[in-house]
Amino acid sequence: MIQILNNTKINFVGLRFIAYIISSLLVFGGLFAIVQLAQGHGNVGIDFAGGSVVSLKFEKELPVEKVREVLDKNGFKDTGIQQISDKPGDPKTKILLRIKASNVKIGGLKEAMTKVFTEGFPGEKFDIDRVEDMGPIVSSKLKGQAFWAVFFAILSIMVYIWFRFEFRFGLAAAVATLHDVLAVIGIFYFMDKEFTLLLVTALLTLAGYSLTDTVVVFDRIRENLKLRVKDNLDTIINSSVNEVLSRTFMTSLTVLIVVAALFFYGGEVIHDFSFALMIGVVIGTYSSWFVASPILIEWEHATARKVVVPVKK
Amino acid sequence: MHRNRWVMGIIFLVFFGSLYSIFFDSGEFVKPFDAGNPKKRIKLGLDLQGGMNLLMEVDESQLPKGLALTEAVDRAVEVVRNRVDQIGVSEPLIQKEGTKWIVVQLPGVKDSEEAKKMIGQTALLEFKLVDETGDVEKAIEGTVPKGDILLYDKESKPYLLKEQQLMTGAALANAKMALGGGSFGSEISVDFSLTDEGSKIFAKLTGSNIGKRLAIILDNRVISAPTINSKISRRGQITGSFDDKEAKNLALLLRSGSLPVPMNIISENVVGPSLGADSIKKGLYSGLIGLLAVLIIMAVYYKVSGIIADIGLLCNILYLMGGMTLIGATLTMPGIAGIILTIGMSVDSNVLILERIREELRTGKTVRSAVDAGYNRAFWTVIDSHVTTLITALILFIFGTGPIKGFAVTLSMGCAISLFTAVVVTKVIFDWRLSRGEVDRLSI
């Protein structure tokens, strides 16, 4: 039997103050990012801000200054230019343009870009791989949809946990989930990654998934509360987290592996999406060990009454 | 044991059913991911096979009097559908969204510009008389005589026309491109025939205006203004300086009718076929790597028990693909990500169960009772972890559009199927193994 993380005796409850420092940094980073994003700062993708993305594929790598010059000359100022290679090490023949706002009427961008690059780089053959043109009406609708999706997701997850566990478990699980989502938002913001609809999808998926580990830990705490009536909550939580440490590690590992495969080999479309899931899974595992359970203790200290044995439904 | 026979039967039935559903179409072998094959079994989204997605908004300010918005949009959908049918796109999607939006999805369309032009054009054909007495020069300067309008043709030549609309494209029964029209007999023209109603109007119109010029106008641009030589009733011909492609497109537009109200494109999404093919390739590749890694880890860490979990995982993917082809779900790039995520999440249940079995074994239980206890005790944890993922997938399905919906579909299906494969299928295998005499050591 191969067993990693066997018979660990990590004092999770004792370590919780260090975790609180790390977690508050993560959470406040996320909150700061949300405030900034709400005010229109940060790298908001065209899904929410409107604008266009054009992806061009050339036969060789073009000098980026020249691309910018050509675009500026044609009135496409402040365009985000990103050069991408097919495989690491290959020449970056692909150009991804993020056009914030242009004078080109929606529906005419592909033609406009064809003209700009044919004239700006005579003789260079290219293909326009992708054009996404998002008008302000559509993007504001998507913004609303994303908001409600996140709202309902968190609400229904909380309701389910309340239904399955008792109130304080539901609260702790919800806090841990929110913690994970905020942390990823913060990290994305400070890495200047783009906020798109696909990222919101990743965040929601993460909200659903990061609960898995928390549920595993809570199930064990609940079980031990029934079995070991004499022990205090600190001891029960510590041994519960330690008992299920190897399985929460393994479940996260299997997901981390597939998400990493997506991140490294899945191509540009899915790159940020898998990156968000990757850091999210790691943070989710951390929070189920260090955040979700200690909250139960804080709850107990705050209410200062004896823990009642929860009834399993 | 009796119950297990049934379960095994179902497992194999679904197994072969999925295989058939993925690879065969009415008894014929098909490659599942071949974007070029119209009979491909797994429907690919626009982002994977290339194509165009347009969102158009009806211009409410230009709604004709007496026409309700809903009716205008419904009619516009019909007209767009007619045009798309004529362009010849396989599996297009044209539907109303909200109150004044129309979604147009054209998978695999080669010339997106051309298609856009054809779909978005109002194509209102009008017949108006030229005001022979009016002063064109003065009109250009700004004093257009009352009851007249000033319009231009393709070469910016001005025409002063009587404002009254004498006939519209609605009177046309059919239109097609023809060669040999015009004064030189070599000009390309569009021949049209009229409906019964239209014939009456046209006969009256031409009969009483012989010698005058009749302007043919498309979307406020004069195509031509021929002189009426005789009374015409059934058939007519539009000549102008167009090439065969323009004539063909004009005929198509006239056949499919004009839009009741102008429309604006408010969002556009074009994916080239090479990017789509590239995405499929990368998606499959990364999926395969992830799958292999998970299979190996489970087998190494949990030995034979891990291999049993691997069998469950493989069944899950197969059933998922089979289910998707069966219900005709569309696979998108985020959808592929959903499948890959399913690979990682599906074995989670097995990890929970196997760890529990290990724990039970450590307390000194026999293999049989440890396995049973492992499955029983881990059951609710497995359910809880699935439900939370299913909840978010469902919400994504409700709120998401296009590719995101594809993700919600694969993730929720994969998640639901994994409840069966990771719990039921693996349990049946364990039971089958343990039923062949007493096992005193479990490879776990």
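Keep in mind that what you see is a predicted model, and the values were worked out from it rather than measured. (Residues numbered from 1 in each chain as written. Chains lettered and ligands numbered in written order. Predicted model: local features only at pLDDT ≥ 70, side-chain atom pairs only at ≥ 80, totals over all residues.)

Colleague: So what's going on with the interface of chain B and chain A? Which residues, and what values?
Modeller: Counting residues at the interface gives 59 residues for chain B, matched by 57 residues for chain A. Of all the elements in the fold, those that place two or more residues in the side of chain B that touches chain A are β4 (51-58), α4 (112-120), β16 (263-271), α8 (273-327), α9 (333-362), α10 (367-399) and α11 (403-435) of chain B. Broken down by class, the residue content of the side of chain B that touches chain A amounts to 32 nonpolar, 17 polar and ten charged. Across five bridges, the pairing between strand β4 (residues 126-134) of chain A and β16(B) is antiparallel. Residue Glu132(A) lies in a different strand from β16(B), and its bridge partner there is Asn269(B). (Contact = placed C-beta atoms within 7 Å. Helix = DSSP H or I, 4+ residues; strand = E, 2+ residues; numbered from the N terminus. Nonpolar A, V, L, I, M, F, W, Y, C, P; charged D, E, K, R; others polar. Pairing = 2+ DSSP bridges.)

Colleague: Explain the sheet that holds strand β14 (residues 221-224) of chain B to me, and be specific about the residues and the numbers.
Modeller: All names here are of chain B. Spatial strand order, β9-β8-β14-β13-β7-β10: six strands in an open sheet with mixed pairing. In the strand order of this sheet, the two ends are held by β9 (158-162) and β10 (167-168), each with one partner. Summarising the sheet, strand β7 (residues 125-129) and strand β13 (residues 214-218) pair through five bridges and their orientation is antiparallel. Within β13, the residue paired with Leu129 across the bridge is Leu214.

Colleague: Residues and numbers for the pairing of strand β3 (residues 94-99) of chain A, please.
Modeller: Within a regular strand, side chains alternate between the sheet's two faces. All names here are of chain A. As paired strands, strand β1 (residues 51-58) and β3 are joined by six bridges and run antiparallel to one another. Looking at the pairing, Val54 lines up with Leu97 of β3. Taken together, the five bridges between strand β2 (residues 80-84) and β3 define a ladder with antiparallel strand orientation. Each residue of the ladder has a partner; that of Gln83, found in β3, is Ile95.

Colleague: Explain the domain arrangement of chain A to me, using residue names and the numbers behind them.
Modeller: Domain boundaries assigned for chain A yield domain 1 (16-43 + 138-303) and domain 2 (51-134). Each of domain 1 of chain A and domain 2 of chain A was reduced to a C-alpha centroid, and the two centroids are 38 Å apart. (Domains from an automatic or database assignment.)

Colleague: Can you explain the sheet that holds β3(A)? Please cite residues and give values.
Modeller: Spatial ordering of the open sheet is given by β2(A)-β3(A)-β1(A)-β4(A)-β16(B)-β4(B)-β6(B)-β5(B), a layout of eight strands whose pairing is antiparallel. This sheet does not close on itself; its edge strands, each paired only once, are β2 of chain A together with β5 (93-97) of chain B. Geometrically, the sheet is characterised by an average inter-axis angle of 20 degrees between neighbouring strands, direction not taken into account. Contacts from helix α3 (residues 69-87) of chain B reach β4, β5, β6 (101-107) and β16 of chain B within the one sheet, and its direction differs from that of β5(B) by about 170 degrees. (Axes fitted to C-alpha atoms, helices over the stretch in contact; angles between N-to-C directions.)

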